[in-house]
Amino acid sequence: MMVSALIERELTRLGSPVRNGVFVAVVGPSGAGKDTLIAYVRERLTDDDHVEFARRVITRHSDGATEDHDTLADAAFIEAEASGAFALSWEAHGLRYGIPASVDDAISVGHVVVANTSRGVIPALRQRYANVAVVEITASPEILAERLAARGRESRGEVLARLARTAPHDLSGPGYIAIDNSGSADIAGERFLAVLRKAVAFSDVSGLI
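Residues numbered from 1 in each chain as written. Predicted model: local features only at pLDDT ≥ 70, side-chain atom pairs only at ≥ 80, totals over all residues. Heavy atoms only, no water.

Going by what an unreviewed UniProt entry lists, the protein chain is known as Ribose 1,5-bisphosphate phosphokinase PhnN and is assigned to Aminobacter carboxidus. If you open the UniProt record of the protein chain and go to Catalytic activity (unreviewed entry), you find "alpha-D-ribose 1,5-bisphosphate + ATP = 5-phospho-alpha-D-ribose 1-diphosphate + ADP". Within the UniProt record for the protein chain, the comment given under Pathway (unreviewed entry) is "Metabolic intermediate biosynthesis; 5-phospho-alpha-D-ribose 1-diphosphate biosynthesis; 5-phospho-alpha-D-ribose 1-diphosphate from D-ribose 5-phosphate (route II): step 3/3." (UniProt positions renumbered as here; feature names shortened; annotations may be inferred.)

Shown next as structure tokens:
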């Protein structure tokens, strides 16, 4: 992943890797319930000013049924990327995704930032931020297939093909935790909430060092 000169200068200003806060990367296959669990913890942390939820920029229109995000056309996204508008950007499933550059400032002042990301960008995140927690949301193959089919966007054959081509990623390392969301969202949501509260406690301490 190439880093623009503007981003390099910004990291020099903030210090690289960016310290004090914690970047919480939420990853997992489609249908695992990432958006559902992010919404769950967000509702319960509305009074905590130390936790921020990054609003992604994606090259698709928001349909109101899933993640609420900002939309850019391909050309505008590429221009924004070149100007240093994103702390991190990647491509997946024919779309472009970006995390706003303002995340760097939030981390540098000791905040916890939660963002839905791709498993493939975890190595880049671990280089960019001193403190990264990776929360992998999982579910059984049967549950994934059922949820994807319920969306009505793909045929059963397309759903099975999507699941079959999911590439494995080694996410092991400091701060990694897997949360099974095959059952009640309340159970998985409370586990996720506990992770974020630990991240807040850590950032409160590290910001004093």
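The structure having been displayed, the exposition proceeds.
Novice: Describe the overall build of the protein chain, naming the residues involved and giving the relevant values.
Specialist: Counting its regular elements, the protein chain contains 8 helices and 9 strands. Counting the 209 residues in the protein chain, one finds 43% classified as buried. Pairs at least 24 apart in sequence give 72% of the contacts found in the protein chain among residues at least 6 apart. Total accessible area on the protein chain is roughly 10,900 Å²; 53% of this is exposed by carbon and sulfur atoms. (Helix = DSSP H or I, 4+ residues; strand = E, 2+ residues; numbered from the N terminus. Buried < 20%, exposed > 50% of the residue type's maximum accessible area, 1.4 Å probe, protein only. Contact = heavy atoms within 4.5 Å. Areas by Shrake-Rupley, 256 points an atom, 1.4 Å probe, with all protein chains shown as cover.)

Novice: Summarise the side chain of Asp 104; cite the residues concerned and give the values.
Specialist: Among the secondary structure elements, Asp 104 is positioned in helix α4 (residues 102-108). The class for Asp 104 is buried, based on a relative accessible area of 1%.

Novice: Explain the UniProt feature "binding site: ATP" (unreviewed entry) in the protein chain residue by residue, including any values.
Specialist: The UniProt record annotates "binding site: ATP" (unreviewed entry) at Gly 28, Pro 29, Ser 30, Gly 31, Ala 32, Gly 33, Lys 34 and Asp 35. Within the fold, Gly 31 resides in the loop between β1 (22-27) and α2 (34-44). One can find Lys 34 in helix α2. If near-sequence neighbours (up to four positions away) are discounted, Lys 34 is found in contact with Val 26, Val 27, Gly 28, Pro 29, Asn 116 and Ile 137.

Novice: Before we move on, could you go through the sheet that holds strand β5 (residues 86-92) and cite the residues and values that matter?
Specialist: Pairing within the open sheet is mixed, and its 4 strands lie in the order β4-β3-β6-β5. Single-partner strands in this sheet number two, and they are β4 (70-71) and β5. One ladder, built from 2 bridges, connects strand β3 (residues 57-58) with β4; its direction is parallel. Counterpart to Ile 58 in the pairing with β4 is Thr 71. (Pairing = 2+ DSSP bridges.)

Novice: Can you explain the nonpolar core? Please cite residues and give values.
Specialist: By size, the foremost hydrophobic cluster in this structure holds 26 residues, and its most contacted members are Val 24, Val 41, Val 114 and Phe 192. Every element with two or more residues in this core is listed here: β1, α2, β2 (51-53), β7 (112-116), β8 (132-138) and α8 (185-206). If you tally residues by element for this core, the top one is α8, at 7 residues. If we skip the residues at most four places from it in the chain, Val 24 touches Val 112, Val 113, Val 114, Ala 115, Ala 133, Val 135, Phe 192, Leu 196 and Ala 199. (Core = buried A, V, L, I, M, F, W, Y, C linked by side-chain atoms within 4.5 Å.)

Novice: Now, about the sheet that holds β8: what can you tell me, with residues and values included?
Specialist: The parallel open sheet is built from 5 strands, whose spatial order is β2-β7-β1-β8-β9. In this open sheet, the two edge strands, each paired with only one partner strand, are β2 and β9 (176-180). Here the strands of the sheet are splayed against their neighbours by 20° on average, with no regard to which way each runs. Sheet topology note: the β1/β8 ladder contains 5 bridges and is parallel. Of the residues in β8, the one forming a bridge with Phe 23 is Val 132. (Axes fitted to C-alpha atoms, helices over the stretch in contact; angles between N-to-C directions.)

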